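# Geometric and topological summary
So the chains spell out like this:
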Amino acid sequence: MIDDNLFKRLAARIETYAQAMIDMQVALTALPALAPENGGDGEYEKSRLLLSYLKDSGFPHVWEINAPDPRVSARCRPNLLATVPGKNQGETVWILTHMDVVPPGEVALWTADPYRAYVKDGRVFGRGTEDNQQDLVASFFAAKAFLDEGITPEKNFGLAFVADEETSSQAGLAYLLNHKNNPFLKTDIIVVPDAGDEAGSHIEVAEKSILWLQIKTRGQQTHASRPDLGRNAFLAASHLVVRLYALHQFFDAVDPLFYPPVSTFQPTKKEANVPNINTIPGNDIFYLDCRVLPAYPLPEVIAAVRAAANEVEKTFNVTIEITPVQYMEAPPPTPLDAPVVSSLKRAIRAVYQLEAVPAGIGGGTVAAHFRKLGYPAAVWCRTTQTAHQPDESCKIENMIGNAKVYAYLGGEG
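Since the structure is predicted, the reported quantities are computational estimates derived from the model, not experimental observations.

### A look at the overall build of the protein chain
Within the protein chain one finds eleven helices and 20 strands. Rg of the C-alpha trace for the protein chain: 24 Å, near the compact-globule value of 22 Å for 413 residues, within the 12% margin. The principal-axis extents of the C-alpha atoms in the protein chain amount to approximately 80 × 45 × 40 Å. Buried positions account for 54% of the 413 residues belonging to the protein chain.

Next up, the structure:
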């Protein structure tokens, strides 16, 4: 628990930061932190701005563990860390957020320039304002409240601003965890605000396995007036798409910890084949996105897809190649009684007056890298779920409220 008067001081201080939070959002949004895979130059400029915020606010311990990357002009991908020392310096409350964002997509779908943040109806709009700047900003001001109030947190209060979350995390959290100066301990309280719901009622402790498959069908191209002279790869692939929907019946376990509580198998991206209407395509490529409950090993899923493909091959006299694009077996879940879960429950109750419950999700978060190595991390934030959409936005009240939750964690004995 936290001393009530101390928490009231921290909460009151955080409420005074509303305009400063907005200003920080505007400044961060103006620096597009796109991975080179997404046509960008990385997070370095954004990290320099954050570094100046940390130094100007008097954070006593600030350091970097940067991952080499020759593809970007800075030649590295920055990972920025800062702590406010606590009474117990053997443990740290970490709030880990990421600096990179996804591209805006079709700019015409945005009301305004995605990189010029603006305020409307109690929200800040712009690319990255929710994912992940809402809680990056919230965590910064939660830590700043301790400094400005002259309060020493019970444990070290740590901020980790990492790179590369939107692509692979190999230059971000995965790099940190494998570094000789890895700052994280398995006894630390680690919160990753990378997923949530509108009420803030779910504490994510488990993720499904993720399997993305590229499925390439090879037939024989011919004129559309003579299908007898070719083998229509698009037609065969379309039959396979329909057959693969039966995966839902084959892998039909239900786990109420997750939402949705079942495995999902969805055809998504479709690559272009022939450019004209009157040619039967000899090649066709589509992709399958599988989010699989931990009860099922991914090799079983691949085997089931292969079996369906074999039947289509025989029927249409084509060949089908199946290639994993992403393959991530679900790591062990964070225990439901882990200290981070209990602490988050208390903090959410104090700030938002609701009883949060542990849950699992189908999306992948950066917390999976913690769990693979046995760190009991929890994923939580109160969010309106506009990430990756046109007109992405965050509620100003969520920045303020979530900052109070993080400050509560830092003040607990």
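### Observations regarding the pattern of salt bridges
Under the definition given, this model contains 23 salt bridges. The salt bridge partner of Glu154 is Lys87, with a shortest N-O separation of 3.0 Å. Of the two residues, Glu154 sits in the loop between helix 4 (133–149) and strand 8 (155–162) while Lys87 sits in the loop between strand 4 (80–84) and strand 5 (88–98), which places them 67 residues apart along the sequence. What makes Glu154 partly exposed here is its relative accessible area of 24%. Overall, the relative accessible area of 59% leaves Lys87 in the exposed class. One salt bridge connects Glu412 with Arg346, and the closest N-O pair in it is separated by 2.6 Å. In this pair, Glu412 is assigned in the segment after helix 11 (396–411) and Arg346 in helix 9 (residues 339–352), connecting sequence segments 66 residues apart.

### Regarding the sheet that holds strand 11 (residues 209–218)
Strand order across the open sheet formed by four strands is 14-16-11-17, with antiparallel pairing between neighbours. Edge positions in the open sheet fall to strand 14 (264–270) and strand 17 (319–328), since each of these has one partner strand only. Here the strands of the sheet are splayed against their neighbours by 25 degrees on average, with no regard to which way each runs. Relative to strand 17, strand 11 is paired through nine bridges, and the arrangement is antiparallel. Note on strand 17: the bridge partner recorded for Gln214 is Thr323. Along the sheet face, helix 6 (residues 233–244) touches strand 11, strand 14, strand 16 (283–292) and strand 17 and points at about 15 degrees away from the line of strand 16.

What counts and what doesn't
- Residues numbered from 1 in each chain as written.
- Predicted model: local features only at pLDDT ≥ 70, side-chain atom pairs only at ≥ 80, totals over all residues.
- Heavy atoms only, no water.
- Helix = DSSP H or I, 4+ residues; strand = E, 2+ residues; numbered from the N terminus.
- Rg over C-alpha atoms; globule rule 2.2 N^0.38 Å.
- Buried < 20%, exposed > 50% of the residue type's maximum accessible area, 1.4 Å probe, protein only.
- Salt bridge = Lys/Arg side-chain N within 4 Å of Asp/Glu carboxyl O.
- Pairing = 2+ DSSP bridges.
- Axes fitted to C-alpha atoms, helices over the stretch in contact; angles between N-to-C directions.
- Contact = heavy atoms within 4.5 Å.

So yeah, pure geometry; function would need other evidence.
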